[in-house]
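# Chain and residue survey
Here is how the chains run, residue by residue.
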Amino acid sequence: MGRATGIWSALIAVACAACVPAAADGSLRRLNAATARVQVFSEPDAVQAVLVVAGRVVSLAGTTLRVWDATTGAPQATALDRELVRAIAARGAMLWAATETEVIQLDVGRGVVARAPAPPMPALPRLAVDATDRAWLASGTAIVGLDPVAPIAVELGAEITALAAAADDGVVVGTTAGLWRVSGAGAHDGADHHQRAARG
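Keep in mind it's a predicted model, so treat the numbers as computed, not measured.

Turning to unusual backbone geometry, a few remarks are in order. In this model, Ala54 sits at a positive phi of 50 degrees, which is unusual for a non-glycine residue. Within the secondary structure layout, Ala54 lies in the loop between strand E3 (47-53) and strand E4 (56-61). Residue class for Ala54 comes out partly exposed when judged on its relative accessible area of 40%. If you check the backbone angles, Asp133 has positive phi at about 70 degrees while not being a glycine. Along the chain, Asp133 turns up in the loop between strand E11 (126-129) and strand E12 (135-139).

Below, the structure is given as structure tokens:
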């Protein structure tokens, strides 16, 4: 669907029934309509990911990435406008985007910073960036830590369902067989920290 022309035309005061807080007795109470606002950024695309990066709202709908000014709602062009993006992640002021063939690191205000080849992705990928700025791309039962010198490839043997950056040089991975911690040292399950895979 095309870009909206009246991006910031709708600023509506509504009662937000989907996020109503609980009263003291545990029952739901309705917010006063004056306490909540909905700001419309775009036409009603099916958005599967949204991030706020360096004062900008970044959304991913299908394979289309869009960037908006978080204050004015104005759309902004990026170097990824023509890319088919499958997953996004952010750390600090930087954005990472996974396409069919590569992972792109982007300063949303200036342009592309780096590109790295992406491995084959049999399923919808998940992307996270650790504290060392290494991007981790997970798809199906495998996860790859992208590194220009020594990439890390780990096969977990279970479908990956969730991915989050850890506080250091790795990620926490949710799978259909439990929770794992993956870093440069390999993959460890949450029970006994037994090393199951190492640097690829």
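The next thing to look at is the pattern of salt bridges. Tallying each qualifying case throughout the model produces 8 salt bridges. The shortest N-O distance in the salt bridge between Arg115 and Glu102 comes to 2.5 Å. Here the residue Arg115 occupies a position in strand E10 (residues 111-117), and Glu102 occupies one in strand E9 (residues 102-107), the gap between them amounting to 13 residues. Residue classification places Arg115 among the partly exposed residues on the basis of a relative accessible area of 43%. Under the relative-accessibility criterion, Glu102 is labelled buried at 18%. Residue Arg134 pairs with Asp147 through a salt bridge whose shortest N-O separation is 3.4 Å. Of this pair, Arg134 sits in the loop between E11 and E12 while Asp147 sits in the loop between strand E13 (142-145) and strand E14 (152-155); the two residues are 13 residues apart in sequence, bridging distant segments of the chain. Residue Asp147 is classed as partly exposed on the basis of its relative accessible area of 22%.

Moving on, we come to the sheet that holds strand E7 (residues 85-91). An order of E7-E8-E9-E10 is seen for the 4 strands of this open sheet, with the pairing classed as antiparallel. The sheet terminates laterally at E7 and E10, the two strands that pair on one side only. Here the average twist between neighbouring strands, direction ignored, is 20 degrees. The pairing of E7 with strand E8 (residues 94-99) spans 6 bridges and is antiparallel. Bridged to Ala90 within E8 is Leu95.

Cut-offs used in this document
Note that residues are indexed from 1 along each chain, following the sequence as it is written. Only residues with pLDDT of at least 70 get local features here, since the model is predicted, and only at 80 or more are side-chain atom pairs given and counted; chain-wide, interface and lining totals rely on the full set of residues. As a rule here, side-chain values cover all heavy atoms of the structure and leave hydrogens and water aside. Going along the chain from the N terminus, every DSSP run of H or I of four or more residues is numbered as a helix, and every run of E of two or more is numbered as a strand. The rule is simple: take the accessible area with a 1.4 Å probe, protein chains only, and divide by the maximum for that residue type; under 20% is buried, over 50% is exposed, in between is partly exposed. A pairing counts as a salt bridge when a side-chain nitrogen of Lys or Arg comes within 4 Å of a carboxyl oxygen of Asp or Glu. When DSSP locates at least two bridges between a pair of strands, those strands are taken to pair. Fitted lines through C-alpha atoms serve as axes, helices being fitted only where they are in contact, and the angles separating the N-to-C directions of these axes extend from 0 to 180 degrees.

This is a description of form; function is not addressed.
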